[in-house]
Amino acid sequence: MVRARLWSRPMSQSGARAASDGESNAAGEAVDFGFRRVSVDDKGRLVRAVFDSVAPRYDLMNDLMSAGLHRHWKNALVDWLNPRPGMRLLDIGGGTGDIAHRCLARGAQPIVCDVNARMLNVGRDRDLDGGALSSISWVNGDAENLPFADSSMDACATAFCLRNVTGLARALREARRVLKPGGRFLCLEFSRVVIPILDRLYDSYSFRAVPLLGRWVADDEEAYLYLAESIRRFPAQEDFAAMIAEAGLGQVKHRNLSGGIAALHSAWRV
Ligand SMILES: C[S@@+](CC[C@H](N)C(=O)[O-])C[C@H]1O[C@@H](n2cnc3c(N)ncnc32)[C@H](O)[C@@H]1O
């Protein structure tokens, strides 16, 4: 559990700063971990601790927190990606494999890559509960240093991972590097609510109700407070689109989901 924390409450919950860009994450430099500033090394350790702690209850919490909406958002990602049979697809920060399973069902060959072995184990166990291990590959690896060859993937998909990485620009460049020319990048992330009133309701839901749910269901309130804070630190739709373009991907487009609570970004390696 993420108990050892020197938490400082923010002046403003919505005063977002762009996530660290990964260009200058020298050791010892401070980066965001939710609303805290921590060293680069500590961020990796703290993020791993969050997902170590939440892994056993991660899938249940997703359903409870989003009232099942995350399933609709993930379906929207896969619909937009439109995987074709045989497509080699990398699910970056794929956790327990929700995106990979949906793509497998459409004939793709998914590889889940995640820095956290406990999340991968929960996904593999879920596979076994289904009676047989699926043909999904489960790989322990970092989005900022993907253990795959250049131009080896037809598509890279990522859901709710990138706001946790230390160097966002570096992770985007890695996704581009492993994509074949003509390959597709799709990202699902929490984003900025664009509907007045909904933004305030959403703020109080995510900063009050979600951490309480985290305490009751996953026995870790702080991990879920971090999740709410990390959402506010992630770049807004247009800023993130600009970062994707800066990483060298082309034809960047985005779509809001549920009034901007989440957003899908699509791009191509041209
Ligand atoms: C919120 S979960 C999302 C899991 C899954 N994609 C989903 O949508 O259900 C974030 C995942 O990103 C992973 N993650 C965080 N930082 C990462 C990194 N630098 N490289 C790879 N995975 C990372 C975490 O271990 C966790 O499994």
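Positions within a chain are numbered from 1, following the residues in the order the chain's sequence is written. Local features are withheld for residues below a pLDDT of 70 in this predicted model, meaning they are given only at 70 or higher, and side-chain atom pairs are given and counted only at 80 or more; totals for whole chains, interfaces and linings count all residues.

(A) Highlighting helix α5 (residues 117-129). Here α5 contains 13 residues, and its C-alpha end-to-end distance of 18 Å stays within 8% of the 18 Å for a straight helix at 1.5 Å per residue. Taken residue by residue, α5 has M119, L120, V122, G123 and D127 as its buried positions. The buried residues of α5 all sit within an arc of 160° when viewed along its axis, so they share a single face. Exposed positions of α5 whose direction lies more than 90 degrees from the buried face are D125, L128 and D129. Here contacts are defined at the residue level, using C-beta atoms placed from the backbone and a cut-off of 7 Å between them. Labels follow the DSSP assignment, with helices taken as runs of H or I lasting at least four residues and strands as runs of E lasting at least two, numbered in each case from the N terminus. At its buried positions, α5 is contacted by α1 (40-54), α2 (58-66), β4 (109-114) and β5 (137-140). Here the expected length of a helix is defined as 1.5 Å per residue gap, with one fewer gap than residues. Exposure classes come from backbone-placed C-beta atoms, where a residue is buried if 20 or more other C-beta atoms lie within 10 Å of its own, exposed if 12 or fewer do, and partly exposed in between. Here the arc refers to the set of directions running from the helix axis out to each C-beta atom.

(B) Main features of the site of the ligand. Close contacts around the ligand come from 20 residues, with G93, G95, N116, A143 and A159 the closest. Sorting the residues of the shell around the ligand by element identifies α1 and α4 (98-104) as the ones contributing at least two each. Among the residues forming the shell around the ligand, the class breakdown is ten nonpolar, six polar and four charged. In this text, near has one meaning. A residue is near a molecule or strand if its C-beta atom, placed using the backbone, is within 6 Å of it. Gly is put with the polar residues, along with every residue not named as nonpolar or charged; the nonpolar set is Ala, Val, Leu, Ile, Met, Phe, Trp, Tyr, Cys and Pro, and the charged set is Asp, Glu, Lys and Arg.

(C) Main features of the sheet that holds strand β3 (residues 88-92). A strand pair is defined by DSSP finding two or more bridges across the two strands. Taken together, seven strands build an open sheet; the order of strands is β5-β4-β3-β6-β7-β9-β8 and the sheet is mixed. Edge positions in the sheet fall to β5 and β8 (250-257), since each has one partner strand and no second. Ignoring which end each strand starts from, the neighbouring axes of this sheet average 15° apart. Here β3 runs beside β4; their pairing, made up of five bridges, is parallel. If you follow D91 over to β4, its bridge partner there is V112. For helices, the fitted line uses only the C-alpha atoms of the stretch in contact; every axis is such a line through C-alpha atoms, and the angle between N-to-C directions lies from 0 to 180 degrees.

(D) Examining the environment of S66 more closely. Secondary-structure assignment places S66 in helix α2. The class of S66 is partly exposed, set by 16 C-beta atoms lying within 10 Å. On a C-alpha basis, the gap between S66 and V210 in space is 9.4 Å, while along the polypeptide they are 144 residues apart.

(E) Focus on helix α9 (residues 237-246). Buried residues of α9: F240, M243 and I244, and no others. Each buried residue of α9 lies within a common arc of 100° when the element is viewed along its axis, so the set occupies one face. Lining the buried residues of α9 we find α6 (168-178), β8 and β9 (262-268). Downstream of α9 by one or two residues, G248 has phi in the positive range, about 100°.

(F) Structural view of unusual backbone geometry. Of note in this structure, A67 is not a glycine but carries a positive phi near 50°. Tracing the sequence through the fold places A67 in the loop between α2 and α3 (69-81). Judged by C-beta crowding, with 7 C-beta atoms within 10 Å, A67 ranks as exposed. For N82, which is not glycine, the phi dihedral falls at a positive 50°. By secondary structure assignment, the location of N82 is in the loop between α3 and β3. Given 11 C-beta atoms within a 10 Å radius, N82 is considered exposed.

(G) Inspection of the pairing of β9 at higher detail. Judged by how many residues are buried, β9 sits mostly within the fold: five of seven residues are covered. Pairing of strand β7 (residues 179-190) with β9 involves seven bridges; the strand directions are antiparallel. Considered in β9, the bridge of L186 is made with S266. Note that β8 and β9 share six bridges and pair antiparallel. Bridge assignment links H254 to a residue of β9, and that residue is H265. Where β8 hands over to β9, the hairpin turn is made up of four residues, of which S258 adopts a positive phi near 50°.

Don't take any of this as a statement about function, it's just geometry.
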